[in-house]
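Chain by chain, the residues:
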Amino acid sequence: DAKTTQPNSMESNEEEPVHLPCNHSTISGTDYIHWYRQLPSQGPEYVIHGLTSNVNNRMASLAIAEDRKSSTLILHRATLRDAAVYYCILRVGLASGAGSYQLTFGKGTKLSVIP
Amino acid sequence: NAGVMQNPRHLVRRRGQEARLRCSPMKGHSHVYWYRQLPEEGLKFMVYLQKENIIDESGMPKERFSAEFPKEGPSILRIQQVVRGDSAAYFCASSPDRGPEREQYFGPGTRLTVT
């Protein structure tokens, strides 16, 4: 899978928006951008994914740059429960419809939420 | 809907014993993935299985580790003759198919401690 780069850590105040950046300059046209998070002592949890257009769901929003070389995960109002390690992961999509199935986790961004 | 279930949640084994970790995927999911998270390290893919078939075991250690996903019952990750270096959290994930646009749903993990 193509490489992603994320800041090691970020802080946010509770109830404020959080923008978590991810660079993926070697992304291919068919690669999907996925975000997962892992709360302390828990398994990873799917957050959101997208291909080209911005995406919204009940947990977060995903803003994808026009050239797709970067993306930003947006938590609209951080809560203490959002304190976790956030992983930006590219999943290879092939023109044939197949693609990578494993998730390749990097170090992620450790988000701390200050009450 | 019940999520991905793993048991046991905690497992203590002495060096040389066998460890069996079980994973029941979400209802309707026939694709199972195992990941390992060593202390202070990131998650690493181990093996990908579909019902009765191992599709990719490129992340599995060459010796002592095996996995299966029988037609009936949970997926099993088996570690023979455990050593201290096997102490880790083992996570199972499932998905309804393998497409790169598909999210994977993770279980709570089994924390293996080898004494």
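The structure under discussion appears in the preceding block.
From a predicted model like this one, the values you see are computed outputs, not experimental measurements. (Residues numbered from 1 in each chain as written. Chains lettered and ligands numbered in written order. Predicted model: local features only at pLDDT ≥ 70, side-chain atom pairs only at ≥ 80, totals over all residues. Heavy atoms only, no water.)

S.K.: So what's going on with the overall build of chain A? Which residues, and what values?
M.R.: Within chain A, the regular secondary structure consists of zero helices and nine strands. For 115 residues, the compact-globule formula gives about 13 Å, and the C-alpha radius of gyration of chain A, at 14 Å, lands near that figure. Burial status across chain A gives 47% buried among its 115 residues. At a minimum sequence separation of 6, the contacts of chain A that also span at least 24 residues come to 58%. When the accessible surface of chain A is totalled, it reaches about 5,700 Å², and 50% of it is carbon and sulfur. Chain A carries 10 positive and 10 negative side-chain charges, and their two centres are separated by 7 Å. (Helix = DSSP H or I, 4+ residues; strand = E, 2+ residues; numbered from the N terminus. Rg over C-alpha atoms; globule rule 2.2 N^0.38 Å. Buried < 20%, exposed > 50% of the residue type's maximum accessible area, 1.4 Å probe, protein only. Contact = heavy atoms within 4.5 Å. Areas by Shrake-Rupley, 256 points an atom, 1.4 Å probe, with all protein chains shown as cover. Lys, Arg positive; Asp, Glu negative; His and termini not counted. Charge placed at Lys NZ, Arg CZ, Asp CG, Glu CD.)

S.K.: Please provide a residue-by-residue account of the interface of chain B and chain A, values included.
M.R.: Listed by partner, the interface residues are 20 residues for chain B and 22 residues for chain A. Summed over both sides, the interface of chain B with chain A buries roughly 1,800 Å², with 54% coming from carbon and sulfur. Across the contact surface, chain B and chain A share zero salt bridges. Across the chain B-chain A interface, the total number found is seven residue pairs in polar contact (both at pLDDT 80 or more). (Buried area = accessible area lost by both parts, 1.4 Å probe. Salt bridge = Lys/Arg side-chain N within 4 Å of Asp/Glu carboxyl O. Polar contact = N/O pair within 3.5 Å; in protein donor to acceptor, adjacent residues only side chain to side chain.)

S.K.: Outline the pairing of strand β11 (residues 110–114) of chain B, supporting the account with residue identities and numerical values.
M.R.: All names here are of chain B. Only one face of β11 is covered, namely the face carrying T110, L112 and V114; the face carrying R111 and T113 is uncovered. Strand direction decides the pairing type here: strand β2 (residues 10–13) and β11, joined by four bridges, are parallel. For L11, the partnering residue across the bridge sits in β11 and is L112. Pairing of strand β9 (residues 88–95) with β11, which is carried by three bridges, proceeds in the antiparallel orientation. Counted as the bridge partner of Y90 is T110 from β11. (Pairing = 2+ DSSP bridges.)

S.K.: Break down the side chain of S87 of chain B for me, with residues and values.
M.R.: All names here are of chain B. Within the secondary structure layout, S87 lies in the loop between β8 (75–79) and β9. In terms of polar contacts, S87 uses its side chain to reach the backbone amide nitrogen of V114, at 2.9 Å. Setting aside residues up to four positions removed in sequence, S87 forms contacts with L38, P39, L112, T113 and V114.

S.K.: Explain the sheet that holds strand β9 (residues 109–114) of chain A to me, using residue names and the numbers behind them.
M.R.: Residue and element names in this part refer to chain A. Reading across the sheet, the five strands line up as β1-β9-β8-β3-β4 and stay open at both edges, with mixed pairing between neighbours. Only two strands of the sheet have a single partner each, and these edge strands are β1 (9–13) and β4 (45–50). Put simply, the sheet's adjacent strands are angled 25 degrees from each other on average, direction ignored. Bridge analysis of β1 against β9 gives five bridges, and the strand direction is parallel. By the bridge assignment for β9, N13 is matched with I114. (Axes fitted to C-alpha atoms, helices over the stretch in contact; angles between N-to-C directions.)

S.K.: Help me get a handle on the sheet that holds strand β1 (residues 5–7) of chain B, residues and values and all.
M.R.: Residues and elements named next belong to chain B. Across the sheet, four strands lie side by side as β1-β3-β8-β7; this open sheet has antiparallel pairing. The open sheet has two edge strands with one neighbour each: β1 and β7 (65–68). Pairwise comparison of adjacent strand axes, ignoring direction, gives a mean angle of 15 degrees for this sheet. As paired elements, β7 and β8 share four bridges and run antiparallel to each other. Among the inter-strand pairings, F65 is bridged to a residue of β8, identified as I79.

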